[in-house]
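# Summary of the model geometry
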Amino acid sequence: MSQAATTPTAPQAPAPAGAAACAVGLSKVYGEGETRVVALDSVSVEFGRGRFTAIMGPSGSGKSTLMHCMAGLDTISAGSARIGDTELSRLHDRQLTRLRRDKIGFIFQAFNLLPTLNALENITLPMDIAGRRPDQEWLDLVVATVGLSGRLRHRPSQLSGGQQQRVAVARALASRPEIIFADEPTGNLDSRSGAELLGFLRESVRELGQTVVMVTHDPVAASYADRVVFLADGRLIDELAGPTPEGVLDRMRRFDTKDRTS
Ligand SMILES: Nc1ncnc2c1ncn2[C@@H]1O[C@H](COP(=O)(O)OP(=O)(O)OP(=O)(O)O)[C@@H](O)[C@H]1O
């Protein structure tokens, strides 16, 4: 608060308190009549600032829908979805576009790099489009963190899959977004590249104070997070702090048993 006003923002600043994003009674209904699907049923959840949260749950439980609603990529049917203090349902399309551009970083399974641009140009593209100049010191730190320093002039075709994924991570981090949403970011990677990517995300939270929310099916991937929230049938049914792969698996098994006995 007051001390933040007098202390220059250091890249290694400790995680500030509070929620980077939150949902309150968030519901999302697709279709009508016979095709009506309640994808999210009054979900309330906070994603802590400077924290790494994983979202898990069976296929069709609403993980991607929750992420899309929280990231302003989909409209909500009821309740509230906020990024920082901004209520998303109050924003028009253009305001939403600006919010996504300025405050949110995305990492998807497909890296979506532009083949004609080199690694550095891909990393700074969102800021170039927004007409913003990158903070050089921050950019250097991000590039060093993801280990791309010697590859910045290479085009995507000259990089391995793992290196391309690092470019996608650096692109998400470069503008210092309020929050990064990652949807199955390791889905297309071999286990070594996947572990590397998760390590970078973990490091970005620890070293750079970044906020990360990641959808995953993989208990090992989820164990990189500070906290796992579990969805089932569009509802938030449980959460686990300080997850280990075994702890996550154990929790998932328990849900399975409950499903079979109820
Ligand atoms: N655009 C849409 N129109 C209609 N129904 C949808 C739409 N998107 C998602 N759904 C439905 O909403 C429910 C939740 O889907 P969602 O994709 O969020 O689940 P998920 O947990 O991410 O699943 P997966 O792990 O398989 O990706 C599902 O029943 C799905 O069929």
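Residues numbered from 1 in each chain as written. Predicted model: local features only at pLDDT ≥ 70, side-chain atom pairs only at ≥ 80, totals over all residues.

### Examining the site of the ligand
Going by this rule: Using a C-beta atom placed from the backbone, a residue is scored as near a molecule or strand whenever that atom is within 6 Å of it. Only runs of H or I of at least four residues qualify as helices and only runs of E of at least two qualify as strands under DSSP, and these elements are numbered from the N terminus. Following the grouping adopted for this structure description, the nonpolar residues are Ala, Val, Leu, Ile, Met, Phe, Trp, Tyr, Cys and Pro, the charged ones are Asp, Glu, Lys and Arg, and the polar ones are all others, Gly among them.
If you check the shell around the ligand, you find Tyr30, Gly31, Val37, Ala39, Gly57, Ser59, Gly60, Ser61, Gly62, Lys63, Ser64 and Thr65 and nothing else. Sorting the residues of the shell around the ligand by element identifies β2 (37–48) and α2 (63–70) as the ones contributing at least two each. Top contributing element to the shell around the ligand by residue count: α2, with three residues. When grouped by side-chain class, the residues that make up the shell around the ligand number three nonpolar, eight polar and one charged.

### Comments concerning the nonpolar core
Our working definition: In this usage, the nonpolar core is the set of buried Ala, Val, Leu, Ile, Met, Phe, Trp, Tyr and Cys residues whose C-beta atoms join them within 7 Å. The burial criterion counts other C-beta atoms lying within 10 Å of a residue's C-beta, which is placed from the backbone; the residue is buried at 20 or more, exposed at 12 or fewer, and partly exposed between these limits. Working definition of a contact: two residues with C-beta atoms, positioned from the backbone, lying within 7 Å.
Ranked by size, the top nonpolar core spans 62 residues in total, and within it Val167, Val169, Ala170, Ile179 and Leu201 carry the most contacts. Counting residues per element, this core draws most heavily on helix α6 (residues 161–174), which supplies seven residues. Setting aside residues up to four positions removed in sequence, Leu201 forms contacts with Phe52, Ala182, Val212, Met214 and Tyr224.

### As for the sheet that holds β2
Quick reminder of the rule: Strands pair, by our definition, only if DSSP identifies at least two bridges between them.
Ordered by their spatial adjacency, four strands build an open sheet running β2-β1-β4-β5, and the pairing between neighbours is antiparallel. Either end of the sheet is taken by a strand with one partner, and the two such strands are β2 and β5 (86–87). As judged from the eight bridges shared by strand β1 (residues 19–30) and β2, these two strands associate in the antiparallel manner. Note that in β2 the partner of Leu26 across the bridge is Val43.

### Topic: unusual backbone geometry
For Arg176, which is not a glycine, the phi torsion comes out positive at approximately 50°. Counting through the fold element by element, Arg176 comes out in the loop between α6 and β7 (179–183). Positive phi is not limited to glycine here, since Asp233 has a value of about 50°. Residue position: Asp233 is located in the loop between β9 (227–232) and β10 (235–241).

### Describing the confidence of the model for the protein
We apply this condition: Note: pLDDT gives the predictor's confidence per residue, expressed from 0 to 100.
Taken residue by residue, the protein gives an average pLDDT of 88. The fraction at 70 or more is 91%. Mean pLDDT across the elements of the protein ranges from a minimum in helix α1 (residues 2–6), with 38, to a maximum in strand β3 (residues 52–56), with 97. Across residues 1–16, confidence stays below pLDDT 50; counting only partners more than four residues off in sequence or on other chains, it has 11 contacts. The ipTM, which scores confidence in the relative placement of chains, is 0.98 for this predicted complex, and the corresponding pTM is 0.86.

### As for the pairing of strand β4 (residues 78–83)
Across five bridges, β1 lies against β4 in antiparallel orientation. Pairing of Ser27 across the sheet is with Ala78, part of β4. Alignment of β4 against β5, held across two bridges, turns out to be antiparallel. Note on β5: the bridge partner recorded for Ile83 is Thr86. Between β4 and β5, which pair antiparallel and follow one another directly, the connecting turn spans two residues, one of which, Gly84, has a positive phi of 60°.

### Some details on helix α4 (residues 119–130)
Threshold: Arc definition: directions from the helix axis to the C-beta atoms.
Buried within α4 we find Ala119, Asn122, Ile123 and Pro126. Looking down the long axis of α4, one finds its buried residues gathered within 110° of arc, a one-sided arrangement. Contact partners of the buried residues in α4: α3 (93–103) and α6. Phi turns positive, to about 70°, at Gly131, one or two residues after α4.

### What about the sheet that holds β9?
One key point about sheets: their strands pair by backbone hydrogen bonds, in either a parallel or an antiparallel sense. The line we're drawing: The axes are straight lines fitted to the C-alpha atoms, using for helices just the contacting stretch, and the angles between their N-to-C directions are given from 0 to 180°.
One open sheet holds the six strands; their spatial order is β6-β7-β8-β3-β9-β10, and the pairing between them is mixed. Every other strand in the sheet has two partners, leaving β6 (104–107) and β10 as the edge strands with one partner each. With strand direction ignored, the average angle separating the axes of adjacent strands in the sheet is 20°. In the sheet, β3 pairs with β9 via four bridges, with the strands oriented parallel. Paired with Ala54 across the strands is Val228, a residue of β9. Of the strands in this sheet, β3, β7 and β8 (212–215) touch helix α7 (residues 191–208), which is tilted by about 155° from β8.

### Regarding the packing of α6 against α7
To be explicit about the condition: An angle below 35 degrees is treated as roughly parallel, one above 145 as roughly antiparallel, one from 65 to 115 as roughly perpendicular, and anything else as oblique. By definition, any crossing whose near helix is turned counterclockwise from its far helix by less than a right angle is left-handed, and any crossing with a clockwise turn is right-handed.
Direction vectors running N to C along α6 and α7 enclose 25°, while the axes themselves pass 10 Å from each other. Relative to α7, α6 is oriented roughly parallel. The way α6 lies across α7 gives a crossing that is right-handed. Of the residues in α7, those touching α6 at Gly161, Gly162, Gln165, Arg166, Val169 and Leu173 are Ser193, Glu196, Leu197, Phe200, Ser204 and Leu208. Residue classes in the contact of α6 with α7 are distributed as five nonpolar, five polar and two charged.

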